[in-house]
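# Fold and contact review
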Amino acid sequence: MAELFRICNLTKTFAGKDVLKNINLRIYRGEIFALIGPSGTGKTTFLRILNLFEKPTNGIFEFDGKPVNGTPLEKNRIRQRSSLLFQTPAVFNLSVFDNVAYGLKVRGFDKSTVEKKVKEALGIVGLSGMETQKARTLSGGEAQRMAFARAIVYGPEVLLLDEPTANLDPYNVAKIEELIRHIRDKCGTTIVIATHNLPQVKRIADRVGVLLEGKLIEVNSVGGIFTSPGDARSAAFLKGEMVY
Amino acid sequence: MGSFEFLLDGIVRAFELIVTLNPYILSITGVSIKVSGTATLLAAMTAIPLAFALSFVQFRGRHAVITLVNTGMGLPPVFVGLFVFVMLVPAGPLGFLNRIFTPEAMIIAQYILITPIITGITLSAIKAVPEPIIETVYTLGGREKDVVLTTLLEARFGVITAVLAGLGRALAEVGAILIVGGNIAYTGSVGGIGEGLSYTRTLTTAITSETSKGDISTSIALGIILIAIYLFVNVAAGFFRRQD
Ligand SMILES: Nc1ncnc2c1ncn2[C@@H]1O[C@H](COP(=O)(O)OP(=O)(O)OP(=O)(O)O)[C@@H](O)[C@H]1O
Ligand SMILES: [Mg+2]
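Residues numbered from 1 in each chain as written. Chains lettered and ligands numbered in written order. Predicted model: local features only at pLDDT ≥ 70, side-chain atom pairs only at ≥ 80, totals over all residues. Heavy atoms only, no water.

To continue, consider helix H10 (residues 203-213) of chain B. Turning to H10 of chain B, its buried residues number three or more, namely Leu203, Thr204, Thr205, Ala206, Ser209 and Glu210 of chain B. Tucked inside the fold, the buried residues of H10 of chain B contact helix H2 (23-56), helix H8 (156-172), helix H9 (175-181) and helix H11 (216-243) of chain B. (Buried < 20%, exposed > 50% of the residue type's maximum accessible area, 1.4 Å probe, protein only. Helix = DSSP H or I, 4+ residues; strand = E, 2+ residues; numbered from the N terminus. Contact = heavy atoms within 4.5 Å.)

Residue and element names in this part refer to chain A. Within the structure, ligand 1 sits among 14 residues, and Lys17, Ser39, Lys43, Thr44 and Thr45 are positioned closest to it. Glutamine 87 is positioned with one of its side-chain polar atoms (N or O) 2.9 Å from an oxygen atom of ligand 1. Here ligand 1, which alone exposes 640 Å², has 63% of that area covered by the protein. Broken down by secondary-structure element, the contributors of at least two residues to the shell around ligand 1 are strand E2 (17-28) and helix H1 (43-50). Sort the elements by how many residues they give to the shell around ligand 1 and H1 lands first, with 3 residues. Grouping the amino acids of the shell around ligand 1 by side-chain chemistry returns 3 nonpolar, 8 polar and 3 charged. (Near = heavy atom within 4 Å. Polar contact = N/O pair within 3.5 Å; in protein donor to acceptor, adjacent residues only side chain to side chain. Areas by Shrake-Rupley, 256 points an atom, 1.4 Å probe, with all protein chains shown as cover. Nonpolar A, V, L, I, M, F, W, Y, C, P; charged D, E, K, R; others polar.)

Attention now goes to the pattern of salt bridges. Evaluation of the coordinates by the stated rule reveals 20 salt bridges over all chains. With a closest N to O distance of 3.4 Å, arginine 29 of chain A and glutamate 157 of chain A form a salt bridge. Pair noted here: arginine 29 of chain A is in the loop between E2 and strand E3 (32-36) and glutamate 157 of chain A is in the loop between helix H5 (140-152) and strand E7 (158-162), with a separation of 128 residues, a long-range link. Exposure remark for arginine 29 of chain A: the relative accessible area of 32% places this residue in the partly exposed category. Of the residues examined, glutamate 157 of chain A reaches a relative accessible area of 29% and is grouped as partly exposed. Across the salt bridge formed by arginine 143 of chain B and glutamate 144 of chain B, the nearest N and O atoms sit 3.8 Å from each other. Arginine 143 of chain B sits in the partly exposed class, given a relative accessible area of 29%. Look at the salt bridges and you will find they share partners, linking Glu3, Arg6, Arg26 and Glu62 of chain A into a network. (Salt bridge = Lys/Arg side-chain N within 4 Å of Asp/Glu carboxyl O.)

Note that every value here comes from positions in space, so none of it alone points to a role or purpose.
Here's what the structure looks like:
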């Protein structure tokens, strides 16, 4: 399988504090990679590095075979091919339609295509008919689903999801999970998902990375990690015995 | 005549002047709206781009300009009047323009007075747009121009409030335009009262002169119109603030 992200000896330091320590990881095209670990362990920081919002303090970071050096133009080129769904999505003070249409308009799609794709995406996340509602008036779960629609509507090659189902009820969790798998199966999208939800990892991921205090202590297949974890600490975390 | 009747009589005659559309009063109102409206339009056309440049472009002297804007927000109108006067008098550096005691001179003075105000309020409206909104633009594939456009959209009510604050300040101001405009009306009686039609006489400057002349009913009529316009501007500003 072709690798999309190659990360070697990556370190991220915020104000003298090492948040990510010596990370080595390859993420392959078309896989669903889950990043798990306790709160404050660096999952969001890692996803933000993948979407170029943070610059690694040290180490190698390659996207699609090329080192990333972070000029505005290069950042835009990579982001044009990807999408990061933030842990707390920001909502534009516009209608639901205009929020979801944003990435399409930026890419210069014509009006009728925008309308068709937005309608389709809203249907998928169960927000049909809410096009004209002001997005700021949506409930937390609705806003989360709208942000999901906004992130997938233009068909990104890479989808980075930061706890995408944290605010949702079980019905919508199941729907989003189904959608994540569907997008990958149908479009070959590479998906990196940060989550606390271990059953969810079991249901959707191909591979799992366990992040503990900024260190990637284990990377394993989803089958492997739940049956025979290679690290005692990740075994403890998976059993819910990790105390912080 | 007791003071109460004196006041009552003034108010009654003031309403008479307004409902009969007295030409002197109308012309004064017209000059006020024209001068302050033009000054506000020109100031907005300078202030809004300036606020965006100060927010998004790193250039040398940026902090100096911001300090200038902050200082300018509280400039005493008479000082601005004196400054423009000195520039425009025949012996002054811009004397050749032959513009002292004209509506244009008043527009220049009010432009100088309110450009910092509109810039300052627009700056804080831009600052109030949360960082995650800007990151969302980037992750959805937007470029720098999309960030500027979206910020303008997100801050739109704040920007409108800024412009209306400038307009309100200009309409209420008397010190600067009295000095550079001269409170001139054409001679010749029109409709039996006043001094004909306004050339550089505005609601505020006319109130000063009519009051000192003892023409209380004309002053009250002008005051009622001034307050009505001012109220309208502020109600509009309040409306846009509530939209946020
Ligand atoms: N910009 C920053 N400046 C300073 N410290 C930061 C910054 N961003 C993150 N951190 C710190 O880095 C650590 C990792 O944060 P991060 O948000 O990546 O954790 P997380 O694994 O996503 O946690 P959660 O599961 O609670 O979302 C935290 O201790 C956080 O306080
Ligand atoms: Mg997080």
